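Here are the chains, one letter per residue:
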Amino acid sequence: MMDVCNWDGTVSAKDFRIGALSFAQKWESLNSAFPPWSWVPCPKHSWLASHELLQEEGYLSLENICISRPNEEDIDQNSQTDPGEEETSCSEKEDDIDDATLVQSNHHELHYCDFHVVYSYTFRVPVLYLRAYCSDGRPLLLDEIEKELPACSSKELPETKWAFITQEEHPYLKRPWYKLHPCGTSEFMKLLFLGGDTAQPKLEVVLELYLLSWFSAVGQVVGLTIPCKMLNDR
Amino acid sequence: MAAESPTSVRKVVVHLRATGDAPILKQAKFKIPGTDKFAKVIDFLRRQLHRDTLFVYVNSAFSPNPDELVIDLYNNFGFDGKLVVNYACSMAWG
């Protein structure tokens, strides 16, 4: 087994699949603020079909997530809002609702997003794909997405290698999706596991936690957060 | 923690640790109220380093969400009385 200090920050397709299923399980039990991920299998058809089933390809899917921020009128009805938390976008503005805002909120359309975690055979890392749309199905362009998910705007990710957004054809669905480009992933994965000042983990542990660690970084860019206890629950 | 009275705010010792090519801070250790969000640590780092693009992570291969409370991070990942927060800057391409 390869030594972890020689590890290049990537994972095999098989380890991706194992890690993805484990990630989805942990998410379902410890991240109930969000719906669960599902694994979507994409069986490859080949003359080795019976053996290929063991190496089933697929991706993780989380769909129909509303990414619109609640406006002032929605706050009271929003049961997920923790009354103890600061809501910077609304509590300070409660007294300032004017007619223009009320008119806007009546026409406030909701935006949704689908997220897929797909393995990249080129980079040997997971990649986060996203596609956003209105309730009538109209796809959102990147600048509209950035209004709802400010962390992925070019202001927040300036010239950074860690993650930048490009548009590309979804490898399985063959339609244009946005994705967080994976070229920096192996570098920050190495930092996550090897950059700390604690003893280096065993490679098996790294592979087991890979998807969780990866997601803790990239999920933030699109507003999908995971609670820290997900990484502590072994 | 249960023994603390509600009016006393327990502070957490945070140690900022440079990794990769990141510059080392002169003041790398400080105390912060446990009830503060991690976002405050990130903002402090950004101001000290004059950089917006930072990669911030804790020892257990986890990049904390800015809304997490510092005390929760300490309880999960703290060691030896402090929370070590590692940071790296964008590395050069290639």
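Looking at an unreviewed UniProt entry, one finds chain B named Ubiquitin-like protein ATG12, with Herrania umbratica as its source organism. On record in UniProt, under Sequence similarities (unreviewed entry), the comment for chain B is "Belongs to the ATG12 family."

An unreviewed UniProt entry lists chain A under the name Ubiquitin-like-conjugating enzyme ATG10, with Herrania umbratica as the source organism. Comment text from UniProt for chain A, heading Sequence similarities (unreviewed entry), reads "Belongs to the ATG10 family."

Section: the sheet that holds strand β1 (residues 38-41) of chain A
All names here are of chain A. Strands sit in the order β1-β2-β3-β4-β6-β5 across an open sheet of 6 strands; the sheet is antiparallel. Edge positions in the sheet fall to β1 and β5 (165-169), since each of these pairs with one other strand and no more. With strand direction ignored, the average angle separating the axes of adjacent strands in the sheet is 35°. Pairing between strand β2 (residues 58-66) and strand β3 (residues 111-120): 6 bridges, direction antiparallel.

Focus: the packing of aromatic side chains
All chains considered together, the criterion is met by 19 aromatic pairs over all chains. For the ring pair W27 of chain A and F215 of chain A, a centre distance of 5.5 Å and an interplane angle of 90° mean the geometry is edge-to-face. Of the two residues, W27 of chain A is situated in helix α1 (residues 13-30) and F215 of chain A in helix α6 (residues 203-221); the sequence distance between them amounts to 188 residues. Under the relative-accessibility criterion, W27 of chain A is labelled buried at 0%. For the ring pair F55 of chain B and Y57 of chain B, a centre distance of 5.5 Å and an interplane angle of 35° mean the geometry is tilted. The structure contains a cluster of three or more aromatic residues connected by ring pairs, namely F23, W27, F34, W37, W214 and F215 of chain A.

Overview of empty space enclosed by the protein
If you roll a probe as big as a water molecule over the atoms, it shows you where there is empty space left. Residue and element names in this part refer to chain A. The full count for this structure, using the stated rule, is 3 cavities of 30 Å³ or more. By volume, the largest cavity is sized at about 50 Å³. Along its surface, the largest cavity is lined by 12 residues, and L180, H181, T185, W214 and V218 are the ones closest to its centre. Counting residues per element, the ones that place at least two in the lining of the largest cavity are β4 (125-134), α5 (185-194) and α6. Examining the composition of the lining of the largest cavity, we find that 3 residues originate from one element, β4, more than from any other. Its residues assigned to classes, the lining of the largest cavity shows 10 nonpolar, 2 polar and no charged.

Some remarks on the pairing of β3 of chain A
With 9 of 10 residues buried, β3 of chain A is to be regarded as a mostly interior element. The hairpin turn running from β3 of chain A into β4 of chain A, its antiparallel successor, is 4 residues long, and R124 of chain A in that turn takes a positive phi close to 60°.

Notes on the sheet that holds strand β4 (residues 83-89) of chain B
All names here are of chain B. Across the sheet, 4 strands lie side by side as β2-β1-β4-β3; this open sheet has mixed pairing. Pairing within the sheet leaves two strands with one partner each, and these edge strands are β2 (29-33) and β3 (54-58). Neighbour to neighbour, the strand axes of the sheet diverge by 35° on average, direction disregarded. Bridge count for strand β1 (residues 11-18) against β4 is 5 bridges, and the pairing is parallel. Along β4, the bridge assignment pairs R17 with N86.

Regarding the pattern of salt bridges
All names here are of chain A. Applying the stated criterion to the full structure yields 7 salt bridges over all chains. Among the ionic pairs, D114 bridges to R131, the shortest N-O distance being 3.3 Å. Taken together, the residues D114 in strand β3 and R131 in strand β4 connect sequence positions 17 residues apart. On the basis of relative accessible area, D114 is assigned to the buried category, the value being 4%. Across the pair K190 and E187 runs a salt bridge, and its minimum N-O distance is 3.8 Å. Linking K190 with E187, this pair stays in helix α5, spanning 3 residues, or about one helical turn. Exposure remark for K190: the relative accessible area of 27% places this residue in the partly exposed category. Take E187: its relative accessible area is 24%, and that puts it in the partly exposed class.

Calculation notes
Residues numbered from 1 in each chain as written. Chains lettered and ligands numbered in written order. Predicted model: local features only at pLDDT ≥ 70, side-chain atom pairs only at ≥ 80, totals over all residues. Heavy atoms only, no water. UniProt positions renumbered as here; feature names shortened; annotations may be inferred. Pairing = 2+ DSSP bridges. Helix = DSSP H or I, 4+ residues; strand = E, 2+ residues; numbered from the N terminus. Axes fitted to C-alpha atoms, helices over the stretch in contact; angles between N-to-C directions. Phe/Tyr/Trp six-rings, centres within 6.5 Å; stacked < 30°, edge-to-face > 60°. Buried < 20%, exposed > 50% of the residue type's maximum accessible area, 1.4 Å probe, protein only. 1 Å grid on protein atoms, 1.4 Å probe; cavity = no way out; pocket = protein on both sides within 12 Å on 5 of 7 lines; lining within 4 Å. Points joined across faces, edges and corners; volume = space filled by probe spheres on them. Nonpolar A, V, L, I, M, F, W, Y, C, P; charged D, E, K, R; others polar. Salt bridge = Lys/Arg side-chain N within 4 Å of Asp/Glu carboxyl O.

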